[in-house]
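Chain by chain, the residues:
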Amino acid sequence: MTQSPVSNEFGFRVNGTAARVPAGVLGPLEAIVVDPSVLGAINPETLNFRNGADSDSRTPWPMTGLAVDLSSRHDIDFFIASAFGKAQLNRLGGVVFDDGHEDEWWTNIHERGDIAAFIAPVEEFLKGAATMMKHREEVWFGVAPLVVSAYDSGIGTTAPGQ
């Protein structure tokens, strides 16, 4: 766990590739910051993310073409819908956290069904707003829907027992 100098709130890191961020730190929603390397060669613009250099705080955040699977308390997987007209998700990448997602963070995201998502170099992003203002073109943001899955007990965004 590391303290974010942006807000004096805590952001959680995993191997420098992702961070879970509570609501109120980077905006009004719980967030995930993902290093671009986790998503492979995908261009964030093709997923409808907005670039930080083009941001206007008066414009609502775009819904992205990235779907986030938060069905597990420790894993986060990232998917893109198939471009071939089938109801299929293609996995882009994922991260595993040693510690489980915090209850408030987890509950709020699942009640809403989406999460604020940033694609940015995680270490630089967590260093502070002043640093990222110089590198806004490296930051992409949007709101990503959660993956809904079918289980023996029904459908939902969380696996049974989570």
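Here, the structure is the one placed above.
Think of each chain on its own: its residues are numbered from 1, step by step along the sequence as written. Given that this is a predicted model, residues contribute local features only at a pLDDT of at least 70 and side-chain atom pairs are listed and counted only at 80 or more, while totals for whole chains, interfaces and linings are drawn from all residues. As a convention, hydrogens and water are excluded, and side-chain values are obtained from all of the structure's heavy atoms.

Peer 1: Where do I start with the sheet that holds strand β6 (residues 66-69) in this structure?
Peer 2: Sheet strands pair by backbone hydrogen bonding; their relative direction is either parallel or antiparallel. Being paired, for any two strands, means DSSP has found at least two bridges between them. Helix and strand definitions here come from DSSP, where helices need a minimum of 4 consecutive H or I residues and strands a minimum of 2 consecutive E residues; each element is numbered from the N-terminal end. Within the open sheet, the three strands sit side by side as β6-β7-β8. Their pairing is antiparallel. One side of each edge strand has no neighbouring strand; the edge strands of this open sheet are β6 and β8 (89-96). Taking each pair of neighbouring strands and ignoring which way they run, the sheet shows an average axis angle of 25°. Here four bridges tie β6 to strand β7 (residues 75-81), and the two strands are oriented antiparallel to one another. What counts as an axis is a line fitted to C-alpha atoms, over the stretch in contact for a helix, and the angles between N-to-C directions run from 0 to 180 degrees.

Peer 1: What exactly am I supposed to notice about the packing of aromatic side chains here?
Peer 2: Any pair of aromatic rings gets described here by the distance separating the centres and the angle formed by the planes. Two aromatic rings, drawn from Phe, Tyr or Trp (for Trp, its six-membered ring), form a pair once their centres lie within 6.5 Å of each other, and the interplanar angle then sorts them: stacked below 30 degrees, edge-to-face above 60, tilted otherwise. Per the counting criterion, the structure on display carries three aromatic pairs. When the centroid spacing of 5.3 Å and the interplanar angle of 90° are considered together, the rings of Trp-61 and Phe-118 count as edge-to-face. Of the two residues, Trp-61 is situated in the loop between β5 (50-51) and β6 and Phe-118 in strand β9 (residues 114-119); the sequence distance between them amounts to 57 residues. Note on exposure labels: buried denotes an accessible area under 20% of the residue type's maximum, exposed denotes more than 50%, and partly exposed covers the range between, all computed with a 1.4 Å probe on protein chains only. By relative accessible area, which is 32% here, Trp-61 ends up partly exposed. Its relative accessible area of 6% is what places Phe-118 among the buried residues. Aromatic pair Phe-118 and Phe-141: ring centres 6.5 Å apart, planes at 40°, arrangement tilted.

Peer 1: Honestly, the nonpolar core in this entry has me stumped. Any pointers?
Peer 2: Burial of nonpolar side chains together is a common tendency in soluble globular proteins. We define the nonpolar core as a collection of buried residues of types Ala, Val, Leu, Ile, Met, Phe, Trp, Tyr and Cys that are connected through side-chain atoms lying within 4.5 Å of one another. In this structure, Ile-32, Val-68, Leu-70, Ile-76, Phe-78 and Ile-115 are the most contacted members of the largest nonpolar core, which totals 22 residues. Listed by contribution, the elements that provide at least two residues to this core are β4 (31-34), β6, β7, α1 (103-112), β9 and β10 (140-145). Ranked by residue count, the leading element in this core is β9, at three residues. Leave out the neighbours within four places in its chain, and Ile-115 touches Glu-30, Ala-31, Ile-32, Val-68, Leu-70, Trp-105, Ile-109, Gly-142, Val-143, Ala-144 and Leu-146. If you look at the next biggest cluster of nonpolar residues, it comprises 13 residues, including Val-33, Phe-118, Val-139 and Phe-141. Residue contacts are defined here by distance: any two heavy atoms, one from each residue, within 4.5 Å place the two residues in contact.

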